[in-house]
Structures are given as C-alpha cells and as structure tokens.
Amino acid sequence: MKAVFQPFAYERLGEIVEYLIEHQGGVYADSLVERIVERAMELGERPQLGAIEPLIKDPEHEYRRLMVGHSKIICWITEHDVRIADIFDSSRDPSEMLC
C-alpha cells in the first residue's frame, strides 16, 4: 500500500509551513514538514497505525489520525492506498478539520 496526499492536505501543509516560517523560523518548519511526510509514508506501510478520529463523522470513510507534534495527519484507508485528507494543527478549532 502507499500513502497518497489529497490536494487539500497539501494546501493545509503549505499553510502550516507559512505560519511556522513566520513565527518559528524556516529550520523548524522544514523539520516538521519532514517528520509529517515521513509519518504519512509510514501509514502506507502500516495503515492501522492511526487511531480512529472520533471528531469526524462521515458515512463514506472511517477517518483516522496520526499525531506529529501538534499536527494531526487525517486519513482514510481504501482498498489500494491510504488517502491523506488533511494536515491539521491541533491548536485550531476542531470544527475546521476537513473544511
């Protein structure tokens, strides 16, 4: 299996990077992005690694989450891959996940 980033997840990752560069510097932003991508790729190898995300109710998908620092990797598992749906900064309002 492989992990596939959805366009919205890339957008969110870009937002996180911009924020971190402005507030904590480029080195930290690069480090966090590297860790997020590494952990997302692990989901492709071990899809059940992420816990079920109880805050997202969707009849089509069972969303799972994997924490990396203060960021949640939100994904769902298909027959062929793991779809990375969102990268969410957990300090934000949870109602903003997958919006």
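As a starting point, this report considers the structure included with it. Just so it is clear, the model here is predicted, and its values are computed rather than measured. (Residues numbered from 1 in each chain as written. Predicted model: local features only at pLDDT ≥ 70, side-chain atom pairs only at ≥ 80, totals over all residues. Heavy atoms only, no water.)

### Quick notes on the packing of aromatic side chains
Put simply, the rule reads: The pairing test for Phe, Tyr and Trp rings, Trp by its six-membered ring, is centres within 6.5 Å, and the orientation test on the planes gives stacked under 30 degrees, edge-to-face over 60, and tilted for anything in between. The helix count covers DSSP runs of H or I at least four residues long, the strand count covers runs of E at least two residues long, and both are numbered beginning at the N terminus. For every residue, the accessible area obtained with a 1.4 Å probe (protein chains only) is divided by the maximum for its type, and the residue is called buried under 20%, exposed over 50%, and partly exposed between those limits.
Applying the stated criterion across every chain yields a total of 2 aromatic pairs. A centroid spacing of 5.7 Å and a plane angle of 75° characterise the contact between Tyr63 and Trp76, whose relative ring orientation is edge-to-face. Of this pair, Tyr63 sits in the loop between strand S2 (51-52) and strand S3 (64-68) while Trp76 sits in strand S4 (residues 71-77); the two residues are 13 residues apart in sequence, bridging distant segments of the chain. Using a relative accessible area of 8% as the deciding quantity, one classes Tyr63 as buried.

### Things to note about the sheet that holds S4
Rules: Following DSSP output, two strands are said to pair if at least two bridges run between them. In what follows, residue pairs with any heavy atoms lying within 4.5 Å of each other are defined as contacts. In this description, a line fitted to the C-alpha atoms serves as the axis of each element, helices being fitted only across the stretch in contact, and the angle between N-to-C directions of two axes falls anywhere from 0 to 180 degrees.
In spatial order, the strands read S1-S5-S4-S3-S2; together these 5 strands make up an open sheet with mixed pairing. Because the sheet does not close on itself, it has two edges, and the strands there are strand S1 (2-5) and S2. Bridging between S4 and strand S5 (residues 81-89) involves 7 bridges; their strand directions are antiparallel. By the bridge assignment, Ser71 is partnered in S5 with Asp89. Taken strand by strand, helix H1 (residues 7-24) contacts S1, S4 and S5, and its axis lies near 30° from that of S5.

Honestly, that's just the spatial picture; any functional story needs more than this.
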